[in-house]
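Chain by chain, the residues:
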Amino acid sequence: MTVRVRKSAEDRKIEIVDAALRLADDIGPDRLSTEVLAEAVGISQPGIFRHFPTKAKIWEAVAECISERLHAISVRNDRKQSQPIDQLRAFVTGHLSFVQKTPAITAILFSRELHVKSDTLRAFFAGMIASRQAYISGLIAAEIERGRFDKTLDADDAAYLVLALVQGLAMRWSLNARNFDLVEEGRRLLELQLKGFRDLQRPSKKQLIVDRKPQA
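Residues numbered from 1 in each chain as written. Predicted model: local features only at pLDDT ≥ 70, side-chain atom pairs only at ≥ 80, totals over all residues. Heavy atoms only, no water.

A.B. asks: Before we move on, could you go through the side chain of Glu60 and cite the residues and values that matter?
C.D. replies: Checked against the element boundaries, Glu60 lands in helix α4 (residues 55–80). Classification of Glu60 as buried rests on a relative accessible area of 19%. Dropping the residues within four chain positions of it, Glu60 is found in contact with Thr120 and Leu121. (Helix = DSSP H or I, 4+ residues; strand = E, 2+ residues; numbered from the N terminus. Buried < 20%, exposed > 50% of the residue type's maximum accessible area, 1.4 Å probe, protein only. Contact = heavy atoms within 4.5 Å.)

Below is the structure:
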């Protein structure tokens, strides 16, 4: 005889959120119904609503889960790295690694659930991106202060470029059927970006040749 262990409300909520993340990747966020979710978890549809009164609340819990896990990655990386530029590298690779392990994120960020159906969800992700931008801007500003990045570099603009790299690369990875290593490609492109931050006003070889020509 199999004894069914009753899970706590908190454990059941975590299970529902994890199932939502998995199914968002398997079938897409817009096709994820509470019926499908209940079947995946192994409870009744009313059982889902006992933990989350609406479908929107499920998505809000998913968003909070993503935010908490990304924040934990940043905190863990900050403890390991002492230099701002190394913290920036760890931030990018850590986030791309999380996307690679949780590919539903790209689908959720471009879903109808996010952009049309839920102002709350959209505002939550916008706030999460803004906080990441502020964090990256602070790291870049510290590198500018230390003279490692060009002094004319705008830290806020540079932070948006780093975020665009992460988001754009994740979307390219998703559209290309995940046929390349997301983290390794991120490392490669980030180093190109960091080189640009260092060499913003450094003259090109062509310009140096022109400048060195004797005046007539």
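A.B. asks: Outline the UniProt feature "domain: HTH tetR-type" (unreviewed entry) in the protein, supporting the account with residue identities and numerical values.
C.D. replies: The UniProt feature table records "domain: HTH tetR-type" (unreviewed entry) at residues 10–70. Taken end to end, residues 10–70 has its terminal C-alpha atoms 20 Å apart, with 79% of it in helix and 0% in strand. (UniProt positions renumbered as here; feature names shortened; annotations may be inferred.)

A.B. asks: So what's going on with the nonpolar core? Residues and values would help.
C.D. replies: Leu37, Ile66, Ile108 and Ile140 are the most contacted members of the largest nonpolar core, which totals 57 residues. Of all elements in the fold, only α1 (9–26), α2 (34–41), α4, α5 (84–101), α6 (104–109), α8 (119–145), α9 (155–175) and α10 (182–198) reach the threshold of two or more residues within this core. Ignoring anything within four residues of it in the chain, the contact list for Ile66 reads Leu21, Phe98, Ile105, Ile108, Phe125 and Met128. (Core = buried A, V, L, I, M, F, W, Y, C linked by side-chain atoms within 4.5 Å.)

A.B. asks: I'd like a description of the UniProt feature "DNA-binding region" (unreviewed entry) in the protein, backed by residues and values.
C.D. replies: According to UniProt, the positions carrying the feature "DNA-binding region" (unreviewed entry) are residues 33–52. Annotated as 75% helix and 0% strand, the span residues 33–52 places its first and last C-alpha atoms 13 Å apart.

A.B. asks: With reference to specific residues and values, describe α2.
C.D. replies: All of the buried residues in α2 are Thr34, Leu37, Ala38 and Val41. Projected onto a plane normal to the axis of α2, the buried residues spread over an arc of 100° and lie on a single side. In this structure, the buried side of α2 is in contact with α1, α3 (45–51) and α4. (Arc of directions from axis to C-beta.)

A.B. asks: With reference to specific residues and values, describe the layout of surface pockets.
C.D. replies: Volume-wise, the largest pocket comes out at about 440 Å³. Those elements giving two or more residues to the lining of the largest pocket turn out to be α4, α5, α6, α7 (112–117), α8 and α9. The leading source of residues in the lining of the largest pocket is α8, at six residues. (1 Å grid on protein atoms, 1.4 Å probe; cavity = no way out; pocket = protein on both sides within 12 Å on 5 of 7 lines; lining within 4 Å. Points joined across faces, edges and corners; volume = space filled by probe spheres on them.)

A.B. asks: I'd like a description of the environment of Ile136, backed by residues and values.
C.D. replies: Within the secondary structure layout, Ile136 lies in helix α8. Owing to a relative accessible area of 0%, Ile136 belongs among the buried residues under this scheme. As a C-alpha pair, Ile136 and Phe125 span eleven residues in sequence and 16 Å in three-dimensional space. Leave out the neighbours within four places in its chain, and Ile136 touches Leu88, Phe91, Ala159, Val162 and Leu163.

A.B. asks: Pulling in residues and values, what's your account of the packing of α9 against α10?
C.D. replies: Between α9 and α10, whose axes approach to 11 Å, the crossing angle comes to 155°. Classified by the interaxial angle, the pair formed by α9 and α10 is roughly antiparallel. Judged by the twist between their axes, the crossing of α9 over α10 is right-handed. Taken together, the residues of α10 that come into contact with α9 (itself represented by Ala158, Leu161, Val162, Leu165, Leu169, Ala170, Arg172 and Trp173) are Leu182, Glu185, Gly186, Leu189, Leu190, Gln193 and Phe197. (Axes fitted to C-alpha atoms, helices over the stretch in contact; angles between N-to-C directions. Parallel < 35°, antiparallel > 145°, perpendicular 65-115°, else oblique. Left-handed = near helix turned anticlockwise from the far one by under 90°.)

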